[in-house]
Structures are given as C-alpha cells and as structure tokens.
Amino acid sequence: MALYNQLLVYVTTQRLLAEVVRASRGANREFRYTLFQDLKNVLTQLLVQIYRINRSHDKALPLERAREMTVEAGIYLHLLAELKAVSAKQYALLLEQLDSAGKQLAAWEKTVIKNQL
C-alpha cells in the first residue's frame, strides 16, 4: 500500500487546493469568505477522505463519498465562474485539475470493484 501523500490523486487534489487558495486571494471579500471558503473546506475534506480510502480495507463506500465531493467542488467552481469571481483562465485550470482528480478516483473505484468480483 502506497503512502497516501504519494498517491497521484492526493497530489493532484493538494495542488488544486493550493490553486484555489491563490485564486481566492484576488477575490472580493464576499466571495472569499463564502464560496471560496466552502470550496476550500470541501477540498480539504477530500484530502482527508483520500487518506481514509488508502488506509481502509473496504474502499467502496469511502470512494463513493470522495467522488461526491468532487461533484460538490465542481458546483462551487461553476458558481464562482458564473459570478465572475474567477477568470475564465483560472476556471479552466481549476476545472482541469478537478476533472483529473475525479478521473483518478473513478479509476480507483473501478479497480476496487473489479478486485471484489
């Protein structure tokens, strides 16, 4: 079993969180303390969930929750873009990283299901 902080999905999510923190610095106060803060909380919870997945024997349920968190983060990102709290370029970068993390979680989930059969 790999260390959780060496997993590609963990590193990708951590980079995404760092980019969100950077993007929030330039946002106005209203967005910084509402939507950005909620997004940062979801991504932090996702990092903890990846740790939990890595250490658990039954990975199916924690993986499902992690994938739900990526959808939740995507909703926040879309709303931030819609309200012009992030530029189109920032939105594209953040969405690309979130999609990458989501695809990695989906592949991990597929592997877990395959191994259970």
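Residues numbered from 1 in each chain as written. Predicted model: local features only at pLDDT ≥ 70, side-chain atom pairs only at ≥ 80, totals over all residues. Heavy atoms only, no water.

Draft legend 1. Geometry of the overall build of the protein. Secondary structure summary: the protein contains 5 helices and 0 strands in total. Mapped in sequence order, the helices and strands of the protein form the string α-α-α-α-α. The C-alpha atoms of the protein give 15 Å as radius of gyration, which agrees with the globular expectation for 117 residues (13 Å, within 12%). A burial count over the protein gives 41% of its 117 residues as buried. Partitioning the intrachain contacts of the protein with sequence separation of at least 6 by distance along the chain shows that 72% fall at a separation of at least 24. Here the protein displays about 7200 Å² of accessible surface, and carbon together with sulfur accounts for 54% of that area. Across the protein, 16 positive and 11 negative side-chain charges occur, with their mean positions spaced 7 Å apart. (Helix = DSSP H or I, 4+ residues; strand = E, 2+ residues; numbered from the N terminus. Rg over C-alpha atoms; globule rule 2.2 N^0.38 Å. Buried < 20%, exposed > 50% of the residue type's maximum accessible area, 1.4 Å probe, protein only. Contact = heavy atoms within 4.5 Å. Areas by Shrake-Rupley, 256 points an atom, 1.4 Å probe, with all protein chains shown as cover. Lys, Arg positive; Asp, Glu negative; His and termini not counted. Charge placed at Lys NZ, Arg CZ, Asp CG, Glu CD.)

Draft legend 2. Main features of helix H1 (residues 8–25). The terminal C-alpha atoms of H1, which comprises 18 residues, lie 26 Å apart, in line with the 26 Å expected from a rise of 1.5 Å per residue. Within H1, the full set of buried residues consists of Val9, Tyr10, Thr12, Thr13, Leu16, Leu17, Val20, Ala23 and Ser24. What you see down the axis of H1 is that its buried residues fit within an arc of 160°, all on one side. Within H1, the exposed residues directed more than 90 degrees away from the buried face are Leu8, Arg15 and Arg25. Against the buried residues of H1 lie helix H2 (29–32), helix H3 (35–55) and helix H5 (88–116). (Expected span 1.5 Å × (residues − 1). Arc of directions from axis to C-beta.)

Draft legend 3. Geometry of the pattern of salt bridges. Considering all chains together, one arrives at 3 salt bridges under this definition. Across the pair Arg65 and Glu68 runs a salt bridge whose closest N-O atoms are separated by 3.5 Å. Placement of both Arg65 and Glu68 in helix H4 (residues 60–82) is noted, with a separation of 3 residues, approximately one turn of the helix. In this structure Arg65 comes out as partly exposed when scored by relative accessible area, which is 32%. The salt bridge partner of Arg67 is Glu109, with a shortest N-O separation of 2.5 Å. Placement of Arg67 in helix H4 and of Glu109 in helix H5 is noted, with a sequence separation of 42 residues between them. Taking relative accessible area as the criterion, Arg67 reaches 34% and is therefore assigned partly exposed. Classification of Glu109 as buried rests on a relative accessible area of 14%. (Salt bridge = Lys/Arg side-chain N within 4 Å of Asp/Glu carboxyl O.)

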